[in-house]
Amino acid sequence: MRQDHNHEHRTRPSTNGSSANGSSPHTNGSSKSSGETNGYHTNGHSNGEGAVREHDDSPFFGHDREEVTRILLQSLSDLGYWNAAKQLSGESGYELEIPSVASFREAVLDGRWDEAEALLFGAETAESDGGVLLGNGHARSRRKSRASFGSQNGYARQGLPLAEGADTTQMKFSLRQQKYLEMLDNRELNSALKVLRNELTPLKRDIGRLHALSSLMMCHSSDDLRMQAEWDGPEGDSRTLVLSEISKSISPSVMIPEHRLATLLTAVQEEQILNCRYHNTTAQPTLYTDHDCPAEDFPLQTLTELRHHSDEVWYVEFSHDGSMLATAGKDGLVCIYDTRTYALRHEIREHDRNLNSASSAEGSNSKGVCYVVFSPDDQYLISCAQNNEFVVISVRDGRRVAHADHFDYPVTTAAWLPDSQTFVIGTQGSRRPLGLYSLRSGAGTSSASNVVKNNEIHSWRDPPWDATQGSNPNSFRITDCCVSPDGERLVATTIDNRILSFDLRTREKIGEWVMHDRLTSINFGVDGTQLLLNMNEGQVFTLNAETGEFVMRYEGAQQKEFVIRSCFGGAGENFILSGSEDSKVFIWRRQTGALVAELEAHAGGTVNAVAWHPTEHGVFASAGDDRRMGERISDTAAFC
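Here is what the cut-offs are and how they apply
- Residues numbered from 1 in each chain as written.
- Predicted model: local features only at pLDDT ≥ 70, side-chain atom pairs only at ≥ 80, totals over all residues.
- Heavy atoms only, no water.
- Buried < 20%, exposed > 50% of the residue type's maximum accessible area, 1.4 Å probe, protein only.
- Helix = DSSP H or I, 4+ residues; strand = E, 2+ residues; numbered from the N terminus.
- Pairing = 2+ DSSP bridges.
- Phe/Tyr/Trp six-rings, centres within 6.5 Å; stacked < 30°, edge-to-face > 60°.
- Lys NZ or Arg CZ within 6 Å of the ring centre and 35° of its normal.
- Axes fitted to C-alpha atoms, helices over the stretch in contact; angles between N-to-C directions.
- Arc of directions from axis to C-beta.
- Contact = heavy atoms within 4.5 Å.
- Parallel < 35°, antiparallel > 145°, perpendicular 65-115°, else oblique.
- Left-handed = near helix turned anticlockwise from the far one by under 90°.
- pLDDT = per-residue confidence, 0-100.

**Thoughts on the pairing of strand 6 (residues 334-338)**
- Counting buried positions along strand 6 yields 5 of 5 residues, so the element is predominantly enclosed.
- Side chains Val334, Ile336 and Asp338 project from strand 6 onto one buried face, and the interleaved Cys335 and Tyr337 project onto a second face that is buried too.
- In this structure, strand 5 (residues 324-329) lies alongside strand 6, joined through 5 bridges in antiparallel fashion. Across the sheet, the residue bridging to Leu325 is Tyr337, located in strand 6.
- Counting the residues between successive antiparallel strands, the hairpin from strand 5 to strand 6 contains 4 residues, one of them, Gly332, with a positive phi of roughly 80°.
- Direction of pairing for strand 6 relative to strand 7 (residues 343-348): antiparallel, over a ladder of 5 bridges. What sits directly across from Cys335, in strand 7, is Glu347.
- Taking the residues that link successive antiparallel strands as the turn, the strand 6-strand 7 hairpin has 4 residues, and the phi of Tyr342 there is positive, at about 60°.

Laid out in structure tokens, this is it:
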């Protein structure tokens, strides 16, 4: 069980601009002044010798001088420049924060939980609305009276001002949960049980979490507790994380959000990146000047054209390490190129073996290869064909290692699991629409050449196929599928315009979303949070992978009759790339939907598929009906 804390900054010595002991830059948490407001004394700053420095309240280039100064104080403390922060505070007359905030921070970091709650909510409310405080559970701390709270911080009754919408119950839960865990860690089981019953349970927050916390009473040791709770103890980062989480709910007028200057600078950089049309690098732009990337840095020029196919090229795919490029098409040919020179490494015609008289009568289209995909370790390649079969090829020597031909309709798509041994196959047939297969010998048969055949280990057909019945009800039929980067989820599109989601651990269906038109392509982003789809009428868009909610639409591409595919790509997957029926390739900014480029690519035919190089961000490939496979490159990209 993990606490609900998720932060990028986990450095304990400095939190929210405080010094190592939790005090503000120029004071130890106490003050001789009686008037306290938003982080400074209303009558100016005392230098400790009776002199008072008046504030300069004039704007700083249009910005509030107090806010700028306090943010600088926090940043200097974050950087470790304590003396500079103290000097700035003395010269400006502003403090980073009022003493009660510093006292609250010290109480949390020292594990004085009753004191922390009284400082946060006020002594009159700390013991009301959900539980009676029983004690700190911190052996080294010294209990303080309410009077001491009042004399120290001036918030004895009302507590610290909170941000709008602050969830006080959750704030209390976070503090008391940490208190409970520390008592368990110290093996103070009776005290921990009282906190669970009298302080946490009355809050009526997250019953499941309460049950999980209760189960921790059974832990036999501190190490067992920390492993079960996924918690690093009071000497780790846990207290800092609690403080960081609660600080988000305290009014920024008295407790500036953590690392505020860094946050503002990051926002400026991100805004400049989004406004830079051709930004295609993971490097952050300099803060010294405004940012703008030249067009020469973007893949707008044609690098090479590959012409080994004799008919329409339907699919293109880079290997995960970028060393290979695979193409497939209507002629049944699969080509694998070495991307260092773009020399042909393998020319694979495995699907010519299984053309029977019936498929031959249908014409050359029956052997067309509509999908290829490299395994995560780039050792294998799955080839899906219209002659109702798939083949798995060893990339090293071009040898067939697995094969399945027990389908009654074309095999349309495939997706590997992270182990590079199991994979999902999707077809347009009702008998076996979506199945899980393995390269390991098992249910399937192996020939004398050690080729694993028809090794389906699970089927998601709905309803399941009943071999005892003469006829079975129809199931969904698949147009495309993909597996999440962590290998835990499978998502597939159907010919009746649905998106189906499955848990690969339990193999149960966990979601279904209905769309309003034909879906032809679906992909997970590299972080697994978004899905990219192509739909008829030129619709390219992203969805939230968990909820199915619409995220962004990308306009301009044309799609009415044919299968068009798109992909994430570029540095940080900041771009969307798609083919189109008007012979063009379209590139958009992923975050904003802004059109970056509209490129003439394959004259006189459809651009069927695209792929962006996974490591050379200045390169992408496209495949079209003109029998060519084209590659675009930026002027600054280097190739041997």
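Back to the write-up after that little detour.
**Section: the packing of aromatic side chains**
- Taken as a whole and judged by the stated rule, the model has 17 aromatic pairs.
- Seen in terms of ring centroids, Phe390 and Phe407 are 6.1 Å apart; in terms of plane orientation they differ by 45°. Their pairing is tilted. You can see Phe390 sitting in strand 10 (residues 389-394) and its partner Phe407 sitting in the loop between strand 11 (400-404) and strand 12 (411-416), a full 17 residues away along the chain.
- Among the aromatic residues, those joined into a cluster by ring pairs are Tyr380, Phe390, Phe407, Trp416, Phe423 and Tyr437.
- Above the face of the Phe121 ring, Lys172 is positioned so that its terminal group lies 5.3 Å from the ring centre.
- Positioned above the aromatic ring of Tyr409, the side-chain terminus of Arg477 is 5.1 Å from the ring centre.

**Considerations on the sheet that holds strand 29 (residues 595-600)**
- Taken in spatial order, the 4 strands make up an open sheet running 26-27-28-29, and their pairing is antiparallel. Each having just a single partner strand, strand 26 (566-569) and strand 29 make up the two edges of the open sheet. Mean inter-strand twist for the sheet, computed between neighbouring axes without regard to direction, equals 20°.
- For strand 26 and strand 27 (residues 575-578), the ladder comprises 4 bridges, and the chain directions are antiparallel. Bridge pairing in strand 27 places Gly569 opposite Phe575.

**Some points on helix 8 (residues 207-215)**
- All of the buried residues along helix 8 are Arg209, Leu210 and Leu213. Down the axis of helix 8, the buried set is contained in an arc of 100°. They therefore lie on one face.
- Buried residues along helix 8 sit against helix 6 (168-185) and helix 7 (189-200).

**A look at the packing of helix 6 against helix 7**
- Running from amino to carboxyl end, helix 6 crosses helix 7 at an angle of 160°, the nearest separation of the two axes being 8 Å. The orientation of helix 6 with respect to helix 7, classified from their angle, is roughly antiparallel. Considering how the two elements wind past one another, helix 6 and helix 7 form a crossing that is left-handed. Taking contact as the criterion, the partners of Phe173, Arg176, Gln177, Lys179, Tyr180, Met183 and Leu184 in helix 6 are, on helix 7, Leu189, Ser191, Ala192, Val195, Leu196, Glu199 and Leu200.

**Details of the sheet that holds strand 24 (residues 539-544)**
- Taken in spatial order, the 4 strands make up an open sheet running 22-23-24-25, and their pairing is antiparallel. The open sheet terminates on both sides in strands that have one partner only, identified here as strand 22 (519-524) and strand 25 (550-554). Going from strand to strand, the sheet's axes swing by 20° on average, the running direction of each strand aside.

**Brief notes about the environment of Gly538**
- Structurally, Gly538 is set in the loop between strand 23 (530-535) and strand 24.
- The exposure class of Gly538 is buried, given its relative accessible area of 12%.
- The spatial distance from the C-alpha of Gly538 to the C-alpha of Ala557 is 5.1 Å, given a sequence separation of 19 residues.
- Apart from the residues within four sequence positions on either side, Gly538 is in contact with Tyr554, Ala557, Gln558 and Gln559.

**Focus on helix 4 (residues 113-121)**
- Counting buried residues along helix 4, 9 of its 9 residues qualify, which places the element largely inside the surrounding structure.
- Taken together, the buried positions of helix 4 are occupied by Trp113, Asp114, Glu115, Ala116, Glu117, Ala118, Leu119, Leu120 and Phe121.
- Phi turns positive, to about 95°, at Gly122, one or two residues after helix 4.

**Considering the confidence of the model for the protein chain**
- In the predicted model, the protein chain carries a mean pLDDT of 85, and 81% of its residues have values of at least 70.
- Scored below 50 in pLDDT, residues 1-52 shows 141 contacts in the model against residues more than four places distant or in partner chains.
- With pLDDT under 50 throughout, residues 136-156 is counted as low confidence; its partners more than four residues away or in other chains account for 45 contacts.

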